[in-house]
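Here's the letter readout for the chains.
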Amino acid sequence: MTDNRHPLRGYLYIATAAFLWGIGENLGRDAFTGKLARFGSFDAITPVILSQTRTTFSFLIILPALLMNRGWSRLRLPRTDFLRLLTLGILGVAASNYFYYLAIQRTNVAIAIIVQYTAPVWVLLYMVARRLQKLSWQRGASVMLAVSGTTLLVGIGTGKLRLDSIGLVAALLAAFSFSFYNIGAHKMLVRYDHWMVLLYTTFSAALFWTVFNPPWKVIAAHYSAMQWLFMLAFSIVSVLLPFSLYFAGLRYLDPTRAIIVSCLEPVFSIIIAVLVLDETLSAIQIVGVLLVLAAIIVIQMPSRKSSEANTGALFEN
């Protein structure tokens, strides 16, 4: 059930997660485009290995930390919940990571973000279809503002779009996966704290990648020390810290609000690029920033109490 007593915590947690994802987005883009060449060659780092190591390293960090704090007995799950989190980790976290970076590689960051951030639409449609929320003007307007703002931020009018059929499909699958773990994680957070959800989702994602890309193939790639260091740092910035914050935020916000706030990621990504990489911010991108901020303001406006109570009761069941 969503804890409506402290919604500000949810907004702060997810906004911070979006900021870290913005940093990770710039790091991933720079690795793929060769902008990190002064630190060494990163050409061998593919979307597969980047997706694999970011979840695997995160799991290997969080597991011993929780073991020391809680012990094995408190980390065990009923079989049904274990399977649910296994599915969430594979079809949610692992799939969204892989398809997003595949979309970047086959198209570019603009296309990947534009299509992935249609996720608020899919989340809202699901919530309405399952009668978990009502389609109010507030939710509809906020979703449209968020999607429109993201599009202006990274694509339309900037000359950055590059179409590729495989890349477009990958970006759409990333959007579906992003939506899936938003909804699925919210349901699991009714039963467990965000550290347990993070532990098992990273475990299942790491397990999937171990089968998909076995360790001997990773070893055979002969990554350099600098490449391993980059992948470790990337896992902390793009998975361990932001996902822990995002799952914590989902305890205070429903999936629709949470995923709209997550649209701050491209805002932070572009601002970081402007401040650190000396990129320029166009007038149309400024409009995009304002639309995303407007979406967050609209979605947090008070709604009918009966609708919110209905949503909480349904999630609790």
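Structure shown above.
Thresholds, definitions, all that
Residues numbered from 1 in each chain as written. Predicted model: local features only at pLDDT ≥ 70, side-chain atom pairs only at ≥ 80, totals over all residues. Heavy atoms only, no water. Helix = DSSP H or I, 4+ residues; strand = E, 2+ residues; numbered from the N terminus. Buried < 20%, exposed > 50% of the residue type's maximum accessible area, 1.4 Å probe, protein only. Areas by Shrake-Rupley, 256 points an atom, 1.4 Å probe, with all protein chains shown as cover. Axes fitted to C-alpha atoms, helices over the stretch in contact; angles between N-to-C directions. Parallel < 35°, antiparallel > 145°, perpendicular 65-115°, else oblique. Left-handed = near helix turned anticlockwise from the far one by under 90°. Contact = heavy atoms within 4.5 Å. Nonpolar A, V, L, I, M, F, W, Y, C, P; charged D, E, K, R; others polar. 1 Å grid on protein atoms, 1.4 Å probe; cavity = no way out; pocket = protein on both sides within 12 Å on 5 of 7 lines; lining within 4 Å. Points joined across faces, edges and corners; volume = space filled by probe spheres on them. Expected span 1.5 Å × (residues − 1). Bend = angle between axes of the 7 residues up to and from the residue. Salt bridge = Lys/Arg side-chain N within 4 Å of Asp/Glu carboxyl O. Patch = residues over 30% accessible without salt bridge, like charges linked within 9 Å, V, L, I, M, F, W, Y side chains within 5 Å. Core = buried A, V, L, I, M, F, W, Y, C linked by side-chain atoms within 4.5 Å. Phe/Tyr/Trp six-rings, centres within 6.5 Å; stacked < 30°, edge-to-face > 60°.

Before we move on, could you go through the overall build of the protein chain and cite the residues and values that matter?
When you go through the protein chain residue by residue, the secondary structure sums to 14 helices and 0 strands. Order of helices (α) and strands (β) in the protein chain, N terminus to C terminus: α-α-α-α-α-α-α-α-α-α-α-α-α-α. The proportion of buried residues among the 317 residues of the protein chain is 54%. Total accessible area on the protein chain stands at roughly 14,400 Å², and carbon and sulfur atoms take up 68% of it.

Describe the packing of helix α8 (residues 194–212) against helix α10 (residues 225–249), naming the residues involved and giving the relevant values.
Look at α8 against α10: their axes get within 9 Å of each other, and the N-to-C directions meet at 130°. In terms of orientation, α8 lies oblique with respect to α10. For the pair α8 and α10, the sense of crossing is right-handed. Contacts between α8 and α10 involve H194, W195, V197, L198, T201 and T202 from the first element and V239, L240, F243, S244, F247 and A248 from the second. A class-by-class count of the residues in the contact of α8 with α10 yields 8 nonpolar, 4 polar and no charged.

Explain empty space enclosed by the protein to me, and be specific about the residues and the numbers.
Applying the stated criterion across every chain yields a total of 1 cavity of 30 Å³ or more. If you add up the space inside the largest cavity, you get close to 180 Å³. Lining the largest cavity are 15 residues; nearest its centre among them are W21, R54, N97, Y100 and Q116. Of all the secondary-structure elements, those providing two or more residues to the lining of the largest cavity are α1 (7–33), α3 (79–106), α7 (165–188) and α10. If you tally residues by element for the lining of the largest cavity, the top one is α3, at 4 residues.

Which residues make up α10, and what values go with them?
For α10, which comprises 25 residues, the first-to-last C-alpha distance of 35 Å matches the rise-based estimate of 36 Å (1.5 Å per residue) to within 8%. Considering bend angle alone, the principal kink of α10 is centred on I236 and spans about 35°.

Quick rundown of the pattern of salt bridges? Include the residues and the values.
Enumeration according to the criterion identifies 3 salt bridges in this entry. We note a salt bridge from D193 to R70, for which the minimum N-O separation is 2.7 Å. Within this pair, whereas D193 is found in the loop between α7 and α8, its partner R70 is found in helix α2 (residues 47–70), the two being separated by 123 residues in sequence. Residue class for D193 comes out partly exposed when judged on its relative accessible area of 27%. Put simply, D254 and R257 hold a salt bridge, and the shortest N to O gap is 2.8 Å. Looking at D254, the relative accessible area reads 3%, which means it is buried. The class for R257 is buried, based on a relative accessible area of 12%.

Provide a residue-level description of the side chain of T53, including the pertinent values.
Tracing the backbone through its elements, the reader meets T53 in helix α2. For T53, a relative accessible area of 5% puts it in the buried group. Setting aside its immediate chain neighbours within four residues, T53 contacts S58, W228, M231 and S235.

So what's going on with a nonpolar patch on the surface? Residues and values would help.
Taken together, the side chains of W122, L125, V169, L172, L173 and F176 define a hydrophobic patch exposed on the protein surface, amounting to about 500 Å² of accessible area. Looking at the nonpolar patch, the elements that each hand over two or more residues are α5 (119–129) and α7. When residues in the nonpolar patch are grouped by element, the largest group, 4 residues, is from α7. Tracing the backbone shows L172 in helix α7.

Which residues make up the nonpolar core, and what are the values?
Of all hydrophobic cores here, the largest spans 83 residues; its most connected members are Y181, Y246 and F247. The element contributing the most residues to this core is α3, with 10 residues. Those residues in contact with F247 that lie beyond four places of it in its chain are Y181, A185, L189, H194, V197, L198 and T201.

Outline the packing of aromatic side chains, supporting the account with residue identities and numerical values.
Scanning the entire structure with this criterion turns up 20 aromatic pairs. A centroid spacing of 5.4 Å and a plane angle of 50° characterise the contact between F59 and F203, whose relative ring orientation is tilted. Separated by 144 residues along the polypeptide, F59 in helix α2 and F203 in helix α8 bring together distant segments of the chain. Accessibility expressed as a relative area gives 24% for F203, which makes it partly exposed. Considering the side-chain rings of Y223 and W228, the 5.6 Å spacing of their centres and the 85° angle between planes classify their relative orientation as edge-to-face. Assessed through its relative accessible area of 14%, Y223 is described here as buried. Residue W228 is classed as partly exposed on the basis of its relative accessible area, which comes to 31%. Counting every residue linked through ring pairs, the aromatic cluster contains W21, F178, Y181, F243, Y246 and F247.

Interpretation note: all reported values are geometric properties and have no functional meaning in isolation.
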